[in-house]
Amino acid sequence: MITEEYNFTQIEQQIQKYWDDYQVFKVAENLSQEKFYCLSMFPYPSGNLHMGHVRNYTIGDTIARYQRMLGKNVLQPMGWDAFGLPAENAAIEKGVQPAEWTYKNINYMRKQFKRLGFAYDWKRELATCDPKYYHWEQWLFTKMFAKGLAYKKNAMVNWDPVDKTVLANEQVIDGRGWRSGALVERREIPQWFLKITNYADELLADLEQLPEWPEQVKTMQKNWIGRSEGVLIKFAVKGRNDVLDVFTTRVDTLLGCTYLAIAPEHPLVQVILKNSTNAKKINEFVNQCKQVQVAEEKIATQEKIGMATGLEVIHPLTGKTLPIWIANFVLLEYGTGAVMSVPAHDTRDHQFAKKYQLPIQPVIKPKDNSDWNYAEQAFIDYGVLINSGEFNDLTSEQALETIGKALTKQAKGLVKTHYRLRDWGISRQRYWGAPIPIINCPVCGPVAVPERDLPVVLPEDIEINPNNGSPLKADASFYRTNCPNCREPATRETDTFDTFMESSWYYARFACVNQNKEMLDDRAKYWTPVDFYIGGVEHAILHLLYARFIHKVMRDEGLLNDDEPFLRLLTQGMVLKNGAKMSKSKKNTVDPKALINKYGADTVRLFIMFAAPPEQSLEWSDTGVDGCFRFLKRLWQCAHEQQTVIQAINITNKKSTEIAENWDQASAQLKNLRRQVHVILKQARYDYERHQFNTVVSGCMKLTNLITKEFPELKPSQVTEENNLRQSWLTETMGILLRLLAPIAPHITHFLWRELEYSDHILQAKWPKVNAEALKTETVEMAVQINGKLRGTIISAVDSDEKSIQTLITADAKFKK
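This text gives an overview of the structure that appears in the document.

Topic: the layout of surface pockets
Stage number 1. Quantified by volume, the second largest pocket comes out at close to 1100 Å³.
Stage number 2. As for the second largest pocket, its lining consists of 31 residues, of which F247, T249, V339, D346 and R348 are closest to the centre.
Stage number 3. When the residues that make up the lining of the second largest pocket are grouped by side-chain class, the tally is 13 nonpolar, 10 polar and eight charged.

Next comes the structure, spelled out in structure tokens:
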């Protein structure tokens, strides 16, 4: 029974218990039914949901519930991205084990998710810190190792000397470790890598298979992969057998090169230090460069500093000698670690040359022959070659090909395709991560852990000392072992996987989470690719790129069939308050738990979907939340008042949502009301497909207004054809309204649907069909102006002539005066 009071707490708890008791969201493979895999990026179990979480997962849940109403077999799972440094920090601060802290948070956040009514198949829940999960990640790594896709080499890293760990670029803030505050050093240490570069061409080309990804995201991925055509030029070092390789996309400017710049970590620097009389100063400069910003965007804005090495190279075309400088803006891991500097035609090179009074040699002039002051500003566009000997008067476009051929002919260069993308460094010198399944043998070298010995389980009861680096290095029971090949004493790898490894394949494991004998089975082939993926744009590059890469590796292992993991991508906007992103530091957060307690989960969900389209930022509004709550109360009151009529119609109609009536007999007014309902229904389907959920909510509000404000008063005691049709219209309209709103506000709609006797529960209801006949209009609403002032409206037949319209107006009491 629908009581007068809208008791959201009682209703939501009752409905959620029903969902749990009957496992209504549990789903299995069904080849006879179209599948739909809806996935939101899984969260880190920090312990508390914030409004960004609520928005992300409400969007995903709304899409999943809508697709289910379309008759599809819908999978929507949830899990936990459970490894990572925050758990180690918590262990240090709170004196608890990372595993204990993590699982406690998972249990708490699961309750929060359920309180919001998300339609997850909880039987598929996974946590990436579970050995049953990372077992298969380790297994895949051993397969990649066997194929040469995984390898170890020395690499420059950001080293925190206090925390004794490698830091990602984003963890270096103003040259210091984000946690310790220590000056970060650039240090060369052994690191494990995955050969993502082997898939660079495919990763780039297959973006064309993703028409339903945002163009912004695809552009970011293209730029990160960074495919470019250019020339690899060989500069011989004067007086030595060394050659410096330099890649450039602007070989047309080669004759304007006045110096070469190399990275502080370039191998040639070590040669210079051994042979230079100025070694002490050079070494001091190199050490200074080790403690500067390393993120590319920081390098672009930091002060450019350098030091002459005393060595020179020979220009490959002119034979002139050019000085070699060490510069802080050159990174060893990008390109060859050496750049050809052309101050007249590169802004950065120009700034550096002016600072150190190096020559600026123009070799390109504007195509329109306009004057250019090269001493003041670099000319960076394509133009016409000057001061370039035999290549003079060629356009830049012509010179790119001509000079490239000349260098190739003289064996001093090679036309080449270059990628900005570098192999993926997966080593982390941290404890709370999946162990890399390698045994380091002094005889055999690195050996993959045999399949029979997987998983290599991370010890969960361990002492963490922030001053000693990874505790795995101090745990002899973990790292001491024997080589599986020669049986001699050996040590386990103590580095752990980058947590991007876990998030790169979790979507596939959801499909067969209880599979214990292999990584994936045929259920993964049924469910993948993910039909709809939802998450923040901050993951547009690395997470999505790594997931695409690992997907292709799994495909090549025969585990999956498709080329891409995610067919459609939605990147939702941020949640703002007072114009700023919600954050604890700004003290502008809103607690979802407090909101749910005050208004109910449906109100919170409704506001999230009504306040802004998903891709746009959402500005928080307390009055907006209150307005959504008032709307749900109005809907509830409407159902309460009309329940007797609607129940009677539905019972008579045997709970069929298709009401067979002779609508031709309805009055013009009722036909017009029904037409408005089906216009809103038609628009709602369109809006759901394009994710304009705010306009869906607006449509639901209009339907409620039609029932409560414009619907002619029912007279149950008066049995007439028109009155019967009015009751049928009311029942049809409420049934459409509840189904339109159900994906967004699932609790109240579930309850009202059942109590109004439409069927047992709305989750089995199909999306309502638009009635083409109802959309036909025999009348038109016309505004009436008298002496230039709007006096009201009339409803006239669409084919009325001017005289009959005038008759209608003059016969209406409100116009007579």
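As for the sheet that holds strand β2 (residues 73-75)
Stage number 1. What the four strands build is an open sheet, ordered β2-β1-β26-β27; its pairing is parallel. The open sheet is flanked by β2 and β27 (569-572), the only strands paired with a single partner. Looking at each pair of strands side by side, their axes are set apart by 20 degrees on average, direction ignored.
Stage number 2. Where strand β1 (residues 35-40) and β2 come together, three bridges link them in parallel fashion. Pairing of F36 across the sheet is with V74, part of β2.

A few points about the environment of V246
Stage number 1. Topologically, V246 is positioned in strand β11 (residues 243-248).
Stage number 2. V246 sits 94 residues away from M340 along the chain, and the two C-alpha atoms are 6.4 Å apart.
Stage number 3. When near neighbours in sequence (up to four residues on either side) are disregarded, V246 contacts V231, L232, I233, F235, L260, T336, A338, V339 and M340.

Remarks on the pairing of strand β21 (residues 438-441)
Each regular strand shows side chains that alternate between the opposite faces of the sheet.
Stage number 1. Summarising the sheet, β21 and strand β22 (residues 445-448) pair through four bridges and their orientation is antiparallel. From the neighbouring strand, I438 faces β22, where its bridge partner is A448.
Stage number 2. Between β21 and β22, which pair antiparallel and follow one another directly, the connecting turn spans three residues.

Remarks on the side chain of T733
Stage number 1. Relative to the helices and strands, T733 resides in helix α23 (residues 721-741).
Stage number 2. Apart from the residues within four sequence positions on either side, T733 is in contact with V677, L703 and I707.

Thoughts on the packing of aromatic side chains
Stage number 1. Applying the stated criterion to the full structure yields 47 aromatic pairs.
Stage number 2. Grouping aromatic residues by their ring pairs yields a cluster made of Y6, F8, Y599, F629, W636 and F751.
Stage number 3. In this arrangement the basic side chain of R65 is found over the ring face of W19, its NZ or CZ atom lying 4.7 Å from the centre.
Stage number 4. In this structure, R420 packs its charged tip against the face of W224, placed 4.4 Å from the ring centre.

Notes on the pattern of salt bridges
Stage number 1. The final tally for this structure, using the stated rule, is 44 salt bridges.
Stage number 2. Close ionic contact of R187 with E185 constitutes a salt bridge, the shortest N to O distance being 3.0 Å.
Stage number 3. On the basis of relative accessibility, which here comes to 23%, the residue E185 falls in the partly exposed class.
Stage number 4. Here K525 makes a salt bridge to D522, at a shortest N to O gap of 3.9 Å. Of this pair, K525 and D522 both sit in helix α16 (residues 522-527), separated by three residues, roughly a single helical turn.

Some thoughts on empty space enclosed by the protein
Stage number 1. According to the stated counting rule, one finds five cavities of 30 Å³ or more in the structure shown.
Stage number 2. In this structure, the largest cavity is lined by 15 residues; those nearest its centre are E88, D163, R179, G469 and S470.
Stage number 3. Considering every element that reaches the lining of the largest cavity, the biggest residue donor is helix α3 (residues 85-94), with three residues.

Regarding the sheet that holds strand β24 (residues 489-492)
Stage number 1. As summarised here, the arrangement of the four strands in space is β22-β21-β24-β23, forming an open sheet in which the pairing is antiparallel. In the strand order of this sheet, the two ends are held by β22 and β23 (480-482), each with one partner. Taken pair by pair, the neighbouring strands of this sheet meet at an average axis angle of 40 degrees, ignoring direction.
Stage number 2. Where β21 lies against β24, two bridges are found, and the strand directions are antiparallel. Within β24, the residue paired with N440 across the bridge is T491.

Side note on the side chain of E732
Stage number 1. Along the polypeptide, E732 turns up in helix α23.
Stage number 2. With residues near it in sequence (within four places) discarded, E732 still touches I659, W663, R674 and H678.

A look at the nonpolar core
The nonpolar side chains of soluble globular proteins are, as a tendency, buried together.
Stage number 1. Formed by 188 residues in total, the largest nonpolar core has its most connected members in M554, W620 and M734.
Stage number 2. Counting residues per element, this core draws most heavily on helix α20 (residues 622-652), which supplies 11 residues.
Stage number 3. Not counting the four nearest positions on each side in its chain, M734 is found in contact with L635, C638, A639, I646, I707, L756 and Y758.
Stage number 4. Core analysis: the next-biggest nonpolar cluster, separate from the first, contains 40 residues, I233, C257, I282 and A399 among them.

Observations concerning helix α5 (residues 131-147)
Stage number 1. The terminal C-alpha atoms of α5 lie 24 Å apart, and with 17 residues this matches the ideal 24 Å at 1.5 Å per residue to within 8%.
Stage number 2. Listed in full, the buried residues belonging to α5 are Y133, Y134, H135, W136, E137, Q138, W139, L140, F141, T142 and M144.
Stage number 3. One side-chain oxygen of the residue at the start of α5 lies 2.9 Å from the amide nitrogen of K132, identifying that residue as D130.
Stage number 4. At the C-terminal side of α5, G148 shows a positive phi close to 80 degrees.

Looking at the environment of E34
Stage number 1. With respect to the helices and strands, E34 occurs in the loop between α1 (8-22) and β1.
Stage number 2. For E34, a relative accessible area of 52% gives the class exposed.

Describing the packing of α20 against α23
Stage number 1. Axis separation between α20 and α23 bottoms out at 10 Å; the angle between their running directions is 135 degrees. In terms of their interaxial angle, α20 and α23 are classed as oblique. Of the two elements, α20 crosses α23, and the hand of that crossing is left-handed. Mapping the contact onto sequence places F631, L632, L635, C638, A639, Q642, V645, I646, I649 and N650 in α20 and Q727, S728, L730, T731, M734, L737, L738 and L741 in α23.
Stage number 2. For the contact of α20 with α23, the class distribution of residues is 13 nonpolar, five polar and no charged.

Details of unusual backbone geometry
Stage number 1. Cis geometry marks the peptide bond from L454 to P455, where omega comes out at 0 degrees.
Stage number 2. Among the structural elements, P455 can be located in the loop between β22 and α13 (476-479).
Stage number 3. The step from T528 to P529 runs through a cis peptide bond, and the omega angle for that step is 0 degrees.
Stage number 4. Here P529 is to be found in the loop between α16 and β26 (532-536).

Cut-offs used in this document
- Residues numbered from 1 in each chain as written.
- Predicted model: local features only at pLDDT ≥ 70, side-chain atom pairs only at ≥ 80, totals over all residues.
- Heavy atoms only, no water.
- 1 Å grid on protein atoms, 1.4 Å probe; cavity = no way out; pocket = protein on both sides within 12 Å on 5 of 7 lines; lining within 4 Å.
- Points joined across faces, edges and corners; volume = space filled by probe spheres on them.
- Nonpolar A, V, L, I, M, F, W, Y, C, P; charged D, E, K, R; others polar.
- Pairing = 2+ DSSP bridges.
- Helix = DSSP H or I, 4+ residues; strand = E, 2+ residues; numbered from the N terminus.
- Axes fitted to C-alpha atoms, helices over the stretch in contact; angles between N-to-C directions.
- Contact = heavy atoms within 4.5 Å.
- Phe/Tyr/Trp six-rings, centres within 6.5 Å; stacked < 30°, edge-to-face > 60°.
- Lys NZ or Arg CZ within 6 Å of the ring centre and 35° of its normal.
- Salt bridge = Lys/Arg side-chain N within 4 Å of Asp/Glu carboxyl O.
- Buried < 20%, exposed > 50% of the residue type's maximum accessible area, 1.4 Å probe, protein only.
- Core = buried A, V, L, I, M, F, W, Y, C linked by side-chain atoms within 4.5 Å.
- Expected span 1.5 Å × (residues − 1).
- Polar contact = N/O pair within 3.5 Å; in protein donor to acceptor, adjacent residues only side chain to side chain.
- Parallel < 35°, antiparallel > 145°, perpendicular 65-115°, else oblique.
- Left-handed = near helix turned anticlockwise from the far one by under 90°.

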